[in-house]
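For reference, the chains in residue letters:
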Amino acid sequence: MARARSEERRAEILRAALEVIAERGYRGATLGAVAERVGLSQQGLLHYFPTKEALLVAVLEDRDRWDTGGGRGGGEDGAWRLELLGSLVEYNAMRPGIVQTFSALLGESVTEEHPAREFFTHRYTQVRAAMAATLRAEYGDALAGGLSPERAAVLLVAVMDGLQYQWLLDPEAVDMPEAFGDFLGLLKGAAEKG
């Protein structure tokens, strides 16, 4: 019973953290603001998440579970159906606070000893494998130009994340879902020519 209550409380804190991040962005989100929203002291919140970084990594893990779970496009092998990746990009365009948090933590995580470094390293290993499976399911073992699905997966992930950065910096100039749709069109056109 106590464990179930603790898990329920953690989920409540993560929801509150998402709200605070969406309202205030990564830099403006404080442990105090999250604690207040769930009726805890900051010290009480630290019982569940010992640092702001730990809370933000948990939010990102929760985000990934939401993005990849519940039949939102992922297959049993972890592969996404290619056309549903566009839906994920559209969904991300509706939640700039979470995309900003993801991008800020990703940028910071490239430094040694950063608390999110292990999360992102592991995440990208999994994402590249899932994207390779997606590309293999769609185009077989060789894409246009002879690229293997594994090599093309690196490019696909780079496009998705690079579009997020450009969109965050200039949302009026970069229509992230439209640009990603353009990229999928190029990929499909190259495959049809190959």
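Summarised in this report is the structure supplied together with it. In this text the structure is predicted, and so the values were computed from the model without any measurement. (Residues numbered from 1 in each chain as written. Predicted model: local features only at pLDDT ≥ 70, side-chain atom pairs only at ≥ 80, totals over all residues. Heavy atoms only, no water.)

1. A few points about the pattern of salt bridges
Then comes step 1: Overall, the coordinates contain seven salt bridges when judged by the stated rule.
Then comes step 2: For E19, the salt bridge is made with R37, and the minimal N-O distance between the two is 3.2 Å. Placement of E19 in helix α1 (residues 2–28) and of R37 in helix α2 (residues 31–37) is noted, with a sequence separation of 18 residues between them.
Then comes step 3: E19 sits in the partly exposed class, given a relative accessible area of 40%.
Then comes step 4: Each of E19, E23 and R37 takes part in one network of salt bridges that share partners. (Salt bridge = Lys/Arg side-chain N within 4 Å of Asp/Glu carboxyl O. Helix = DSSP H or I, 4+ residues; strand = E, 2+ residues; numbered from the N terminus. Buried < 20%, exposed > 50% of the residue type's maximum accessible area, 1.4 Å probe, protein only.)

2. Some words on helix α6 (residues 96–108)
Then comes step 1: The terminal C-alpha atoms of α6 lie 18 Å apart, and with 13 residues this matches the ideal 18 Å at 1.5 Å per residue to within 8%.
Then comes step 2: Among the residues of α6, those classed as buried are G97, I98, V99, T101, F102, S103, L105 and L106. (Expected span 1.5 Å × (residues − 1).)

3. Some remarks on the packing of α6 against helix α7 (residues 117–139)
Then comes step 1: At a minimum axis distance of 9 Å, the contact between α6 and α7 shows a crossing angle of 105°. Here α6 lies roughly perpendicular to α7, going by the angle between them. Facing α6, whose interface residues are F102, L105 and L106, α7 presents F120, R123 and Y124.
Then comes step 2: The residue inventory of the contact of α6 with α7, partitioned by class, reads five nonpolar, no polar and one charged. (Axes fitted to C-alpha atoms, helices over the stretch in contact; angles between N-to-C directions. Parallel < 35°, antiparallel > 145°, perpendicular 65-115°, else oblique. Contact = heavy atoms within 4.5 Å. Nonpolar A, V, L, I, M, F, W, Y, C, P; charged D, E, K, R; others polar.)

4. Digging into a negative patch on the surface
Then comes step 1: A surface patch of negative charge is lined by E90, D175, E178 and D182.
Then comes step 2: In this fold, E178 is placed in helix α9 (residues 176–193). (Patch = residues over 30% accessible without salt bridge, like charges linked within 9 Å, V, L, I, M, F, W, Y side chains within 5 Å. Areas by Shrake-Rupley, 256 points an atom, 1.4 Å probe, with all protein chains shown as cover. Lys, Arg positive; Asp, Glu negative; His and termini not counted. Charge placed at Lys NZ, Arg CZ, Asp CG, Glu CD.)

5. Considerations on the nonpolar core
Then comes step 1: Membership of the largest hydrophobic core comes to 53 residues, with the highest contact counts inside it found for V34, L55, L82, L85, F120, L135 and F180.
Then comes step 2: Elements with a contribution of two residues or more to this core: α1, α2, α4 (52–68), α5 (82–93), α6, α7, α8 (149–169) and α9.
Then comes step 3: Every residue in contact with L82, bar those within four places of it in the chain, is listed here: T134, L135, E138, Y139, L156, L184 and L187. (Core = buried A, V, L, I, M, F, W, Y, C linked by side-chain atoms within 4.5 Å.)

Just geometry here; none of it tells us what the structure is for.
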